[in-house]
Amino acid sequence: MERLDKAFSSCKLYSRSEITKIIKQKRITVNGVIINDPSFKIDVNTDKILLDGKEVEFNKFVYIMLNKPQGVVSSTDDGRDKTVIDILPDSFKRDGLFPVGRLDKDTVGLVILTDDGISSHKRLSPKTHAEKVYYFETAEEVSSEVALEIESGVLLKDGYKTLPCKINLLSKTSGEITLVEGKYHEIKRIFGAKSNKITYLKRISFGGIILDETLPEGSCRYLTKEEQKLFTK
Ligand code: URA
């Protein structure tokens, strides 16, 4: 169940103020009854909602792009730290939302949040090999030889050999790395295995969805229809 005005804003057809106006103009019926209270609770899956007599198509699920700032954890609840859910504006919050995959507390950038468990599972499945692109900065210089070694796979301390990846060096101590897997602290451990240290990490793309650079850190927006398609394909 969610508020009538919120359900409309997540289907992105109208702004929040337009919806409030439409509701006040008594143009919406829920199961045949005119509703003029924006906080009226509806279930988009079972209620029949008409605007000007025409049935409204609500998105069953929501898909949100967040530019995660440092110091925020990628989980739904945490006793100590702020989570990616805590920092969402109230109008984006909804039951069942979770982040798709995890970024470390000190990693910034693209996090997708959804309540669509099936698509999320598919995107994260190792079989999908969804590409994740990160911008990184390191404490020590990265030679092109070391970049090549990393690209062909690195033996981590726990004995795991990473899958081949791509590195595009941008300077002696920065670059972009594209992974098709997502092991715990993977990039930090890869560079650690090469006696280096990650000093800054930002995810800039996930499964073809590119972080919107106009989104300041800590801000979010809904995925566009095209981005949704990339996520749910
Ligand atoms: N690799 C890391 O080490 N940290 C992240 O947050 C993501 C990938």
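Just above, that's the structure.
These notes cover the structure that comes with them. The shown structure was predicted, so the numbers you read here are calculated from the model rather than taken from an experiment. (Residues numbered from 1 in each chain as written. Predicted model: local features only at pLDDT ≥ 70, side-chain atom pairs only at ≥ 80, totals over all residues. Heavy atoms only, no water.)

### Regarding the nonpolar core
Argument step 1. By size, the foremost hydrophobic cluster in this structure holds 30 residues, and its most contacted members are Ile64, Leu113, Phe136, Ile150, Ile177, Ile187 and Phe191.
Argument step 2. When contributions to this core are tallied by element, the ones reaching two or more residues are β7 (63-68), β11 (108-114), β12 (132-138), α4 (144-151), β14 (174-179), α5 (186-193), β15 (198-206) and β17 (220-222).
Argument step 3. Discounting chain neighbours no more than four positions away, the residues touching Ile187 are Tyr134, Ile177, Leu179, Ile198 and Leu201.
Argument step 4. Counting residues in each nonpolar core, the second largest holds 16 residues, with Leu4, Cys11, Val44 and Leu51 among its members. (Core = buried A, V, L, I, M, F, W, Y, C linked by side-chain atoms within 4.5 Å. Buried < 20%, exposed > 50% of the residue type's maximum accessible area, 1.4 Å probe, protein only. Helix = DSSP H or I, 4+ residues; strand = E, 2+ residues; numbered from the N terminus. Contact = heavy atoms within 4.5 Å.)

### Thoughts on empty space enclosed by the protein
Argument step 1. Tallied over the full model, the rule gives 1 cavity of 30 Å³ or more.
Argument step 2. In this model, the largest cavity occupies a volume close to 40 Å³.
Argument step 3. As for the largest cavity, its lining consists of Glu2, Lys6, Ser10, Val62, Ser91, Phe92, Lys93, Arg94 and Tyr222.
Argument step 4. Grouping the constituent residues of the lining of the largest cavity by class yields 3 nonpolar, 2 polar and 4 charged. (1 Å grid on protein atoms, 1.4 Å probe; cavity = no way out; pocket = protein on both sides within 12 Å on 5 of 7 lines; lining within 4 Å. Points joined across faces, edges and corners; volume = space filled by probe spheres on them. Nonpolar A, V, L, I, M, F, W, Y, C, P; charged D, E, K, R; others polar.)

### Quick word on the site of the ligand
Argument step 1. Taken together, Leu103, Asp104, Thr107, Tyr134, His185, Glu186, Ile187, Lys188 and Leu201 make up the full set of residues near the ligand.
Argument step 2. One nitrogen or oxygen atom from the side chain of Thr107 is found 2.8 Å from an oxygen atom belonging to the ligand.
Argument step 3. Here an oxygen atom of the ligand and a backbone polar atom of Lys188 are 3.0 Å apart.
Argument step 4. No other element matches the 3 residues that α5 contributes to the shell around the ligand.
Argument step 5. The class makeup of the residues in the shell around the ligand is 4 nonpolar, 2 polar and 3 charged. (Near = heavy atom within 4 Å. Polar contact = N/O pair within 3.5 Å; in protein donor to acceptor, adjacent residues only side chain to side chain.)

### Considering the packing of aromatic side chains
Argument step 1. This structure, assessed with the given rule, holds 6 aromatic pairs.
Argument step 2. Taking the centre distance of 4.6 Å and the plane angle of 25° together, the rings of Phe92 and Tyr222 count as stacked. Taken together, the positions of Phe92 in the loop between β9 (82-83) and β10 (98-99) and Tyr222 in strand β17 put the pair 130 residues apart, joining distant regions of the chain. There is no split in this pair, since Phe92 and Tyr222 are both buried. (Phe/Tyr/Trp six-rings, centres within 6.5 Å; stacked < 30°, edge-to-face > 60°.)

### Notes on the environment of Pro99
Argument step 1. Positionally, Pro99 belongs in strand β10.
Argument step 2. Pro99 has contacts with Ser74, Ser75, Thr76, Val84, Val111, Ile112 and Leu113, leaving out every residue within four places of it along the chain.

### Some thoughts on the environment of Cys11
Argument step 1. Within the element layout of this structure, Cys11 appears in the loop between α1 (4-10) and α2 (16-24).
Argument step 2. Taking the C-alpha atoms as reference points, Cys11 and Glu57, 46 residues apart in sequence, are found 8.0 Å from one another.
Argument step 3. Setting aside residues no more than four positions away along its own chain, Cys11 makes contact with Glu57, Phe58 and Asn59.

### Describing helix α6 (residues 225-232)
One turn of an α-helix holds 3.6 residues; hence residues three or four places apart share an orientation.
Argument step 1. All buried positions along α6 are accounted for by Glu227, Gln228 and Phe231. The buried residues of α6 occupy an angular sector of 105° when the element is viewed end-on, so they sit on one face. Residues of α6 that are exposed and angled more than 90 degrees away from the buried face: Glu226 and Lys229.
Argument step 2. Buried-residue contacts for α6 involve β7, β11, α3 (117-124), β15, β16 (209-210) and β17. (Arc of directions from axis to C-beta.)

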